[in-house]
Amino acid sequence: MNGLHSSVQSHCTQLAALTSRRTHPPSKRRCICTAADKDPLLLRVARGEDAERTPVWLMRQAGRYMKAFREYSDKYSFRDRSETTDIALRLSLQPWEAFQPDGVIMFSDILTPLPALGIEFDVVRGSGPIIEVPIRSMEQVKALTPLEDPEAKLPFVQQTLAGIRSEVGNKATVLGFVGTPWTLAAYSIEGKADKHCTKTKTMMMKNPAVLHALLSHLTCNIADYVCYQIEAGAQVVQLFDSWAHHINPSQFATFSLPYAEEVIQRVRKRHPDTPIIFHANGGTGKHHLMKESTADVIGLDWRCDIAHARANLGERTVQGNVDPTVLLGPQEGIQRAVHECMAAAGPTGHILNVGDGVTPNIPEENVAYFVHLATQQKHSRSQEQSDLAVAAS
């Protein structure tokens, strides 16, 4: 820990050094691959390849909007569901079986690794995650434990991801996910959701060394957790910066982006071929900073215009960004929103998604329609052109 503490003062310099080595993943769009190829569609697009159509999945696609999901959530606590392999596997596969999206994400939570680090939490229905002993001092940070043996501490994660891979094969891409160091640090300091993030902001202003120390500890261990998910079967991993909306661009550049970037670089050293998605909730207004991320895909929230975001981000693969509340409305509105999003994003370098998670009050049939619309949108390239491009690659 002491080595980490001594390095936190140079976090901005570290980011500049990291991004100077690789401004963003190099363009890999060499050919249009077909559905007959071995690797699943979303994985190919996340790697930067052109494909026969735009892949689609939804954040929080395993959730209470599904009747089958509620049969478990009404009976079992969140941690029982997410940490019992058979249940977590069943819940992960429900949307795949119902809608056939191109991505199947593990049913879990961004806070799942925290108990392995010495930060216990529970999820209280109606209130959300609660951390009974929030992190507020350097002594508490120093007392935190390393992840060390995730297979022993978090065996259900490996079992769930392996089970998903076994079930879907190459018909869909298996996604793992983690919270960014900033989001996990803020949750650990607040102890619960707080729309003003007051405890963390106070620490940021009065005692930033404690915050940087916590961020450093989380960074190393979250990187190990990502690698554990990849080794268990995740083909793509998404970093959720769920609380990025709590901080302004300058704070994002200091307390979030450098640590998320270090996670990416650490993972890339061990698993260079696994695509990483970086999704910042509240990233609007921060795209000029997110451009510096070396993530393979930049996730966009629903608050931004995807064409403008593309212009700011440059030649990057992006994900998003339909407003999920559109799914509360009629099908003609959903069709219009999907068409507008895909037209603005263009036929290449885009993964269709909602710009935030699916909420419990969204009708299942509208999620099914959203996925259906995407899967029917074939790119207008002839097979002859595809074959020529493949032959030339």
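Refer to the structure presented above.
No experiment lies behind these values; they were computed from the predicted model shown.

*Asks:* Which parts of the structure should I look at to understand the overall build of the protein chain?
*Replies:* If you tally the helices and strands in the protein chain, you get 18 helices and eleven strands. Scored against the burial criterion, the 393 residues of the protein chain give a buried share of 59%. Within the protein chain, contacts between residues at least 6 apart in sequence are counted, and of these 72% link residues at least 24 apart. Here the protein chain has roughly 16,000 Å² of accessible surface; of this, 50% comes from carbon and sulfur atoms.

*Asks:* It is not clear to me how the layout of surface pockets should be interpreted in this structure. Could you clarify?
*Replies:* In this approach the atoms are scanned with a rolling probe the size of a water molecule, which exposes any empty space left behind. Within this model, the largest pocket holds a volume of roughly 1,500 Å³. Those elements giving two or more residues to the lining of the largest pocket turn out to be helix 4 (67–73), helix 5 (78–83), strand 4 (122–124) and strand 5 (128–130).

*Asks:* Is there a simple way to think about the nonpolar core in this case?
*Replies:* A general feature of soluble globular proteins is that nonpolar side chains tend to end up buried together. Trp182, Leu211, Leu239, Leu352 and Phe370 are the most contacted members of the largest nonpolar core, which totals 122 residues. Considering every element that reaches this core, the biggest residue donor is helix 12 (residues 208–232), with 14 residues. In contact with Leu352, other than residues within four places in its own chain, are Thr54, Pro55, Val56, Trp57, Gly320, Val322, Val338, Cys341, Met342, Phe370 and Ala374.

*Asks:* Where do I start with the pairing of strand 6 (residues 173–179) in this structure?
*Replies:* The side chains of a regular strand alternate, first on one face of the sheet and then on the other. Of all seven residues in strand 6, seven are buried, a share of seventy percent or more. Both faces of strand 6 are covered, namely the face carrying Thr173, Leu175, Phe177 and Gly179 and the face carrying Val174, Gly176 and Val178. Two strands pair when backbone bridges link them, and strand 6 and strand 7 (residues 236–241) are joined in this way by five bridges, in the parallel orientation. The residue of strand 7 that forms the bridge with Leu175 is Val236.

*Asks:* Can you walk me through the packing of helix 15 (residues 306–313) against helix 16 (residues 331–345) in this structure?
*Replies:* How two helices pack is summed up by the angle between their axes together with the distance between the axes. The geometry of helix 15 relative to helix 16 is characterised by a closest axis approach of 8 Å and an angle of 20 degrees between their N-to-C directions. Here helix 15 is positioned roughly parallel relative to helix 16, judged by the angle of their axes. Our pair here, helix 15 against helix 16, has a crossing hand that is right-handed. Of the residues in helix 16, those in contact with Ile306, Ala307 and Arg310 of helix 15 are Cys341, Ala344 and Ala345. Residues belonging to the contact of helix 15 with helix 16 are distributed by class as follows: five nonpolar, no polar and one charged.

*Asks:* Explain unusual backbone geometry here, please?
*Replies:* Looking along the chain, the bond that leaves Gly320 and enters Asn321 is cis, with omega of -15 degrees. Relative to the helices and strands, Asn321 is located in strand 10 (residues 317–322). The phi torsion at Arg60 lies on the positive side, around 60 degrees, for a residue other than glycine. As for its position among the elements, Arg60 is in the loop between strand 2 (50–51) and helix 4. Judged by relative accessible area, Arg60 falls into the partly exposed class, the value being 49%.

*Asks:* Please explain the side chain of Thr375 as it appears in this structure.
*Replies:* When you line up the elements, Thr375 lands in helix 17 (residues 364–375). In this structure Thr375 comes out as buried when scored by relative accessible area, which is 17%. Within polar-contact distance, the side chain of Thr375 engages the side chain of Gln376 at 3.5 Å.

*Asks:* Please clarify how helix 15 should be interpreted in this entry.
*Replies:* Residues that lie three or four places apart on an α-helix share one face, since the helix turns once every 3.6 residues. Among the residues of helix 15, Ile306, Ala309, Arg310 and Leu313 are the ones counted as buried. The arc that holds every buried residue of helix 15, seen down its axis, measures 100 degrees, which confines them to one face. With respect to the buried face of helix 15, the exposed residues turned more than 90 degrees away are His308 and Ala311. Backbone nitrogen of Ala307 and a side-chain oxygen of the N-cap are separated by 3.0 Å at the start of helix 15; the cap is Asp305. Once helix 15 finishes, Gly314 follows within two positions and takes phi at roughly 80 degrees, a positive value.

*Asks:* Is there a simple way to think about helix 12 in this case?
*Replies:* The end-to-end C-alpha distance of helix 12, which contains 25 residues, comes to 36 Å, matching closely the 36 Å that a straight helix rising 1.5 Å per residue would cover. Counting buried positions along helix 12 gives 21 out of 25 residues, so the element sits mostly inside the fold. Count one or two residues on from helix 12 and you reach Gly233, which has phi positive near 140 degrees.

*Asks:* Help me understand the packing of helix 11 (residues 198–206) against helix 12 in this model?
*Replies:* Where helix 11 meets helix 12, the axes come as close as 5 Å, and the angle between the chain directions of the two elements is 115 degrees. The orientation of helix 11 relative to helix 12 falls into the category roughly perpendicular. Of the residues in helix 12, those touching helix 11 at Thr200, Met203, Met204, Met205 and Lys206 are Pro208, Val210 and Leu211. Across the contact of helix 11 with helix 12, the residue classes tally to six nonpolar, one polar and one charged.

Cut-offs and rules
Residues numbered from 1 in each chain as written. Predicted model: local features only at pLDDT ≥ 70, side-chain atom pairs only at ≥ 80, totals over all residues. Heavy atoms only, no water. Helix = DSSP H or I, 4+ residues; strand = E, 2+ residues; numbered from the N terminus. Buried < 20%, exposed > 50% of the residue type's maximum accessible area, 1.4 Å probe, protein only. Contact = heavy atoms within 4.5 Å. Areas by Shrake-Rupley, 256 points an atom, 1.4 Å probe, with all protein chains shown as cover. 1 Å grid on protein atoms, 1.4 Å probe; cavity = no way out; pocket = protein on both sides within 12 Å on 5 of 7 lines; lining within 4 Å. Points joined across faces, edges and corners; volume = space filled by probe spheres on them. Core = buried A, V, L, I, M, F, W, Y, C linked by side-chain atoms within 4.5 Å. Pairing = 2+ DSSP bridges. Axes fitted to C-alpha atoms, helices over the stretch in contact; angles between N-to-C directions. Parallel < 35°, antiparallel > 145°, perpendicular 65-115°, else oblique. Left-handed = near helix turned anticlockwise from the far one by under 90°. Nonpolar A, V, L, I, M, F, W, Y, C, P; charged D, E, K, R; others polar. Polar contact = N/O pair within 3.5 Å; in protein donor to acceptor, adjacent residues only side chain to side chain. Arc of directions from axis to C-beta. Expected span 1.5 Å × (residues − 1).

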